[in-house]
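# Close look at the chain arrangement
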Amino acid sequence: MYPIKFVRENIDLLKKAAELKGQKVDWEKFEQLDNERRRLIMFLEERKKWQKDLTEKISKIEDKNSVAPLITQARKYSDEIKEVEKKLNQIEREIEKIISFIPNIPHSSVPIGKDARDNVVVRQWGEIRERNFKVLPHWEIGEKIGIFDFSVGAKITGSFFPVFKEKGALLVRALINFMLDLHIKNGFREVWVPSIVNRDSLFNTGQLPKLEDDMYYLERDDFFLIPTAEVPVTNLHKNEILKEEDLPIYYVAYTPCFRREAGAYGRETKGLIRVHQFDKVELVKLVKPDTSYDELETLLGEAEKVLQLLNLPYRVVLLCTGELSFAGSKCYDIEVWCPGVEKYLEVSSCSNFESFQARRANIKYKRKDGKTDYIHTLNGSGVALPRTIIGIIENYQTEKGEIIVPEVLREYMKIDKIT
RNA sequence: GGAGGGGUAGCAUAGUGGUCUAAUGCGGCGGAUUGCUAAUCCGUUGUGUCGUCGAAAGGCGGCACCGUGGGUUCAAAUCCCACCCCCUCCGCCA
């Protein structure tokens, strides 16, 4: 959330950012309301000053008779102030609403573009092996060997709520533990956080106001199910001033994630590709501003490490301006090659939000020189489970229809094959 | 869900209608003293916003901010109402 003054003084920069991200903002109305607001404030402050002086005079006079006319005058000011203040309040609410739809500014290193075709593949890792048999898509083989089941999930809840069974459930649990252990070993502090958050937290990380329809909403309490651990974890330090020596702070959290995926039906919705509830291990960094782009690269490296250890071929994609999320200033996606569905599937998104989320969540740090400044926040999946499971099922498939357990998961699963 | 207590600047605390223009302590920053450290002493101290000066850093002046939002009053940290959060107890419950 930009301060009103910043918006006024940097309006061209912000206009450009919104345009690059394809975000509509009513700039004309902003300028009109901003002028009106300042006019009203000047008027109000003058009246308030007069009234204050009068009030002080009244408090010092003891003779009741000479006070009466002063009170009459003061009452007049008071009524006037109340009326104009009401108007001002309404205008400020409108301005706030407009500002809340101004997106973060893309970093200069982000390629300009409209959609996924303008993204840039920055590297590829791992070898895509030629197979001498037809690799089956995960939904065929997964249901056949009984590690997950969609129809039973549909019975319990609805479509796209998978049930993992036996070795499948074990695989889920193993992946979560493997990832957590890995990240903890690399300096991330584990936290366990609520999966339900309030409106304020979602606004702070930038999911609101734009994505309200994509989330599960608990009307009685005005709470939401989290779409990602980014929300509760980034908000851990809401309204705090951190010490410079405490930074950077690295967190890792496992949470379930809930997404309504409104309007996504029919698009990449087979099998485990797009589901309403899934598991994810998330990395969050709170850092000093001058380090955030270096931190983004190392964050990306942490997420890549997961796939490297699982030995899954992937590529790293730098998102163009049009694909960048509302709150992000730079973002890399990691996509695993899945030979069954013959597609790269996104398993991680690593973003730098610069001070965008920190401003909204009011997270600052005190510098050595005594001044306070907003921190920068970053997060990245490390990584999301369902598509990683797709990657494992499809890359580790044998001709007989079995799935070899990746080396690093064997100590967690105590088996070397899923049959 | 019910009853009571509480929420005041980075932290801790005082303030129950009008010198509150929010006190005090700690911490932070600057300085003095000083073999070093510590202690002591002096000074300083938050956020937002409007106007104005300035290239800028910032200065000057005003207004607002005591959990959030309303209300009463000439005047609210203080009184009233609603909500949120924390603590104690009771009830219910995996």
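Residue indices begin from 1 for each chain and proceed along its sequence in written order. Lettering for chains starts from A, numbering for ligands starts from 1, and both go in the order in which the items are written. Predicted model: local features are reported for residues with pLDDT of at least 70 only, side-chain atom pairs are reported and counted for 80 or more only, and whole-chain, interface and lining totals are derived from all residues. Heavy atoms from the whole structure form the basis of all side-chain values; hydrogens and water molecules are not counted.

A few words on unusual backbone geometry. For residues that are not glycine, phi is negative in most cases, and the peptide bond is trans in most cases. Going from Leu208 to Pro209, the amide bond is cis rather than trans, its omega being 5°. Between Leu247 and the following residue, Pro248, the backbone shows a cis peptide bond with an omega angle of 0°. Counting from the N terminus, the helices are DSSP H or I runs at least four residues long and the strands are E runs at least two residues long. Secondary-structure assignment places Pro248 in the loop between β8 (240–243) and β9 (249–258). Phi is positive for Phe160, which is not a glycine, with a value near 65°. On the secondary structure map, Phe160 appears in the loop between α6 (150–156) and β3 (163–164).

Glancing now at the pairing of strand β16 (residues 376–384). Along any regular strand, the residues point their side chains to alternate faces of the sheet. Buried residues are those whose accessible area, probed at 1.4 Å on protein chains only, stays under 20% of the maximum for their type, while exposed residues exceed 50% and partly exposed ones sit between those limits. Buried residues dominate β16, accounting for nine of its nine residues. Pairing between strands requires that DSSP locate at least two bridges from one strand to the other. Here seven bridges tie strand β10 (residues 277–287) to β16, and the two strands are oriented antiparallel to one another. In the sheet register, Lys285 faces β16, and the bridge partner there is Leu378. Bridge count between strand β13 (residues 343–352) and β16: three bridges; the pairing is antiparallel.

Strand β11 (residues 314–318) sits mainly inside the fold: four of its five residues count as buried. Pairing of strand β1 (residues 120–125) with β11, which is carried by five bridges, proceeds in the antiparallel orientation. Bridged to Trp125 within β11 is Tyr314. Here five bridges tie β11 to strand β12 (residues 330–338), and the two strands are oriented antiparallel to one another. By the bridge assignment, Val317 is partnered in β12 with Asp333.

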